[in-house]
Amino acid sequence: LCQSVRFKKCPISLIDNRLTPHPTTINTFLKSLFCSEGGKHAYFRAMRAFYHWLYSPRSGFYFKAGENPISWVEPPKMPKLILPSLTKEEVELLILKAASARDKAIIALFTESGMRLSELVNIRAKDIDWGNHTIRVLGKGNKEGYAPFGTCYWQLVSFGAERWQWVWWEGG
């Protein structure tokens, strides 16, 4: 680094050349790591944060932002993971083991629509379109969308609608 770290404004002539590597040097380093692609990507993110700081006026090194070597490095590719999902039998078992008709309907709605918890708790009666089997939801970033629901949810709600009230329907 600097020959003397104590000086806030270190002239460039005192900087070790390892702070300004060529992009191929950074790529070679990332490829040499003995870790997963996710681990290499984490190293890349840390290096990117460091180099963005180093080439900013806040660092006091006075490098030109346009010469930042990290901006020429492609980040390591992250594998696209397919998240595990429940089988039909597992969903049926969850619904069977649920304590109440309300809980059964909630589980059915989660599994059939794929909506988030925050979307589910904000459902009002006026948001449900029984004819088209959809529910109007406000998703991330207050984006309005429609979540479909299937026959399992329909049957559970039709069967138990007269016997229980959903807490989140109040005022809807």
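The structure we're discussing is the one just above.
In short, a report on the structure. Since the model is a prediction, treat every value here as computed from it, not as a measurement.

## Side note on the nonpolar core
- By size, the foremost hydrophobic cluster in this structure holds 17 residues, and its most contacted members are Leu-109, Met-115, Ile-123, Ile-135 and Tyr-153.
- Those elements giving two or more residues to this core turn out to be α3 (88-97), α4 (101-113), β2 (134-138) and α6 (151-160).
- Considering every element that reaches this core, the biggest residue donor is α4, with four residues.
- Ile-26, Leu-33, Tyr-51 and Phe-61 belong to the second-largest nonpolar core, a separate cluster that totals 12 residues.

## Examining unusual backbone geometry
- Non-glycine residue His-133 carries a positive phi angle of around 55°.
- A positive phi is found at Asn-142, a non-glycine position, where the angle reads about 55°.

## A word on the side chain of Asn-68
- Relative to the elements of secondary structure, Asn-68 occurs in the loop between α2 (37-54) and α3.
- Engagement of the side chain of Asn-68 in a polar contact is seen with the backbone oxygen of Tyr-51, the distance being 3.4 Å.
- Residue contacts for Asn-68: discarding those within four places in its chain leaves Tyr-51, His-52 and Tyr-55.

## Points about the environment of His-22
- With respect to the helices and strands, the residue His-22 is situated in the segment before α1 (23-32).
- His-22 sits 50 residues away from Trp-72 along the chain, and the two C-alpha atoms are 9.1 Å apart.
- Side chain to side chain, His-22 and Thr-24 meet in a polar contact 3.0 Å long.

## Topic: the environment of Thr-151
- Structurally, Thr-151 is set in helix α6.
- Taking the C-alpha atoms as reference points, Thr-151 and His-133, separated by 18 residues in sequence, lie 8.7 Å from one another.

## Some thoughts on the sheet that holds strand β3 (residues 144-148)
- A sheet is described by the order of its strands in space; here three strands give the open sequence β1-β2-β3, paired in antiparallel fashion. Both edges of this open sheet fall to β1 (128-129) and β3, since each of them pairs with a single strand only.
- As paired elements, β1 and β2 share two bridges and run antiparallel to each other. Across the sheet, Asp-129 pairs through a bridge with Thr-134, a residue of β2.

## Some points on the pattern of salt bridges
- Under the defined criterion, the tally for this structure stands at five salt bridges.
- Lys-40 is the salt-bridge partner of Glu-37, the closest N and O atoms lying 3.8 Å from each other. Of this pair, Glu-37 and Lys-40 both sit in helix α2, three residues apart, which is roughly one turn of the helix.
- Here Glu-37 falls in the partly exposed class, since its relative accessible area comes to 35%.
- When its relative accessible area of 13% is taken as the criterion, Lys-40 is described as buried.
- Shared partners join several salt bridges into a network, and the residues in it are Asp-127, Arg-136 and Glu-144.

Definitions and limits used
- The residue numbering used here restarts from 1 in each chain and proceeds along that chain's sequence as written.
- Given that the model is predicted, a residue must reach a pLDDT of at least 70 before its local features are reported, and side-chain atom pairs must reach 80 or more before they are shown or counted; all residues, however, enter totals for whole chains, interfaces and linings.
- Based on all heavy atoms of the structure, the side-chain values leave hydrogens and waters out of the count.
- Among the buried residues, those of types Ala, Val, Leu, Ile, Met, Phe, Trp, Tyr and Cys that are joined through side-chain atoms within 4.5 Å form a nonpolar core.
- For each residue, the accessible area found with a 1.4 Å probe, counting protein chains only, is set against the maximum for its type, and the residue is called buried under 20%, exposed over 50%, and partly exposed in between.
- Elements are defined by DSSP. Helices are runs of H or I of four residues or more, strands are runs of E of two residues or more, and each kind is numbered from the N terminus.
- Counting of polar contacts relies on pairs of N or O atoms within 3.5 Å, with two restrictions inside protein: one atom must be capable of donating a hydrogen and the other of accepting it, and residues adjacent in sequence are counted only when both atoms are side-chain atoms.
- Any two residues whose heavy atoms approach within 4.5 Å at even a single point are treated as in contact.
- Strand pairing requires that DSSP identify at least two bridges connecting the strands.
- Salt bridge, as used here: a side-chain nitrogen of Lys or Arg that lies within 4 Å of a carboxyl oxygen of Asp or Glu.

Shape descriptors only; they carry no functional weight alone.
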